[in-house]
Amino acid sequence: MQVDEVEFFNRLLDYRNILYLCHRNADPDAVSSAFALAEALGGTVGLVDGCNRVASVLIDRLGIEVVDKPDPSNYGFVVVVDTSTKAQLNDIELTSYCVIDHHTTTALTENAEFYLHRNTTSTVEIVYDILKAMGAPINRRVGIGMLTGIVTDTGHFKHASVDTFRTVAKIIEASGVEYGEVLDLMAATPQDISMRIAILKAASRVELDRVGDMLIASSHVSSFGGSASSMLINIGADVAFVATTKGESVRVSARAKRDAVNAGVNLGQLMEDISNEYNGTGGGHSGAAGIDVIANMEEVLHKCREMTKKILENSLGTTSTEISEDEIEFNEEE
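Described below are features of the structure shown in this document. (Residues numbered from 1 in each chain as written. Predicted model: local features only at pLDDT ≥ 70, side-chain atom pairs only at ≥ 80, totals over all residues. Heavy atoms only, no water.)

### Some points on the overall build of the chain
No. 1: Across its full length, the chain holds twelve helices and 13 strands.
No. 2: Taking 2.2 N^0.38 as the reference for a compact globule, 334 residues should give roughly 20 Å; the C-alpha atoms of the chain span a radius of gyration of 20 Å, in line with that estimate.
No. 3: If one aligns the C-alpha atoms of the chain with their principal axes, the spans along those axes are about 65 × 45 × 35 Å.
No. 4: Counting every position in the chain, which comprises 334 residues, the buried fraction comes to 49%.
No. 5: Restricting to contacts in the chain with at least 6 residues of sequence separation, those with at least 24 account for 61%.
No. 6: As displayed, the chain has an accessible area near 15,700 Å², and 46% of this comes from carbon and sulfur atoms. (Helix = DSSP H or I, 4+ residues; strand = E, 2+ residues; numbered from the N terminus. Rg over C-alpha atoms; globule rule 2.2 N^0.38 Å. Buried < 20%, exposed > 50% of the residue type's maximum accessible area, 1.4 Å probe, protein only. Contact = heavy atoms within 4.5 Å. Areas by Shrake-Rupley, 256 points an atom, 1.4 Å probe, with all protein chains shown as cover.)

Right, here's the structure in full:
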């Protein structure tokens, strides 16, 4: 049952020993949302399977107490935060739980006792509305966390809306945090050498398709698929798919520029549709999404490219072409 912000926190008041559970490889949006709720309502922040580099720095700098790989049965109630599929929770068993999430699609709400879902650019923005409805204060630690969550989930505001900026301004005003503090924290995040290697390998293995002036890139690496797909966007692709494999399982991280989204590409819906064909899980945002399936990696990447090409062909009124190495011209500067 969908509830509003007031009903959400009123229902949580009926529970004790609450676990705020973040998805695997939790990002700052998930961690800071869970932290803000735990500070306001009491409870424990749980990481189902670690967190990413920025979230790790955030936890250390703010002194957030977290429990790694918690057992949900040890808690009175579970609030699943910023998570759209059960696969993101490593398929752990949940009994009594609710969901707070912002992704385009979310399958976890089906068996939840109640849920709060909004199509915002981050879960933090929904949490802010809950804190506002409660009349709860936002201290500096919570403010820094919430701002970091918004900045990272919007790609440094590339996917931000007018409402996003309004919420950021309100958090800064309420907490007294300066935006520069958040940038300093993120700049202090160490660069993982393994990630840098993965990004370079992804670039060297890239396959390209062209639809009009739009470029669709796909590649594969052994890890850091999300970072690699973002990198392909940063260096010129309009839509990027990067696959990683673990045994028979294939995970595809997808990213898209705003122009591609405006042209009709909705990666959250696309990933959900493809995952359904393989009885897997998938979803996310229009500009950032992913899937987990049991399938052949090349086949899945091919399907991602083909479905994206059809969307862009229909939107742009043109046909696609595959770009080979022989077609790439290198011009030296004189």
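### Some points on the pairing of strand β8 (residues 214-220)
No. 1: The buried fraction of β8 is high, at five of seven residues.
No. 2: Both strand β7 (residues 207-211) and β8 contribute to a ladder of five bridges, which runs antiparallel. Along β8, the bridge assignment pairs V211 with M214.
No. 3: Where β7 folds back on β8, the antiparallel hairpin that results is connected by two residues, among which G212 adopts a positive phi of roughly 60°. (Pairing = 2+ DSSP bridges.)

### Considering the packing of helix α2 (residues 28-41) against helix α4 (residues 123-134)
No. 1: Packing of α2 against α4 leaves a shortest axis separation of 9 Å and a crossing angle of 15°. Judged on the interaxial angle alone, α4 and α2 are roughly parallel. Judged by the twist between their axes, the crossing of α2 over α4 is left-handed. Residues D29, S32, S33, A36, L37, A40 and L41 of α2 touch α4, and the partners they reach there are T123, V124, V127, I130, L131 and M134.
No. 2: The residue inventory of the contact of α2 with α4, partitioned by class, reads nine nonpolar, three polar and one charged. (Axes fitted to C-alpha atoms, helices over the stretch in contact; angles between N-to-C directions. Parallel < 35°, antiparallel > 145°, perpendicular 65-115°, else oblique. Left-handed = near helix turned anticlockwise from the far one by under 90°. Nonpolar A, V, L, I, M, F, W, Y, C, P; charged D, E, K, R; others polar.)

### Focus on the pairing of strand β4 (residues 77-81)
No. 1: Most of β4 sits out of view: five of its five residues are buried.
No. 2: Neither face of β4 is open: one carries F77, V79 and V81, the other V78 and V80, and all of them are buried.
No. 3: Looking at chain direction, β4 and strand β5 (residues 97-101) are connected through four bridges and run parallel. Looking across to β5, one finds that V78 is bridged to Y97.

### With respect to the packing of aromatic side chains
No. 1: Applying the stated criterion across every chain, the model contains five aromatic pairs.
No. 2: With a centroid separation of 5.8 Å and 15° between ring planes, the pair formed by F77 and F114 is classed as stacked. With F77 in strand β4 and F114 in the loop between β5 and β6 (115-117), the pair connects residues that are 37 residues apart, well separated along the chain.
No. 3: Ring geometry for F157 against Y179: centres 6.0 Å apart, planes inclined by 45°, an arrangement best described as tilted. Taken together, the residues span a long stretch of sequence, with F157 in the loop between α5 (140-153) and α6 (162-175) and Y179 in helix α7 (residues 179-187) at a distance of 22 residues.
No. 4: Since its relative accessible area comes to 19%, F157 is described here as buried.
No. 5: The exposure class of Y179 is partly exposed, given its relative accessible area of 30%.
No. 6: Here a set of aromatic residues connected by ring pairs shows up, and it is made of F8, Y15, F77 and F114. (Phe/Tyr/Trp six-rings, centres within 6.5 Å; stacked < 30°, edge-to-face > 60°.)

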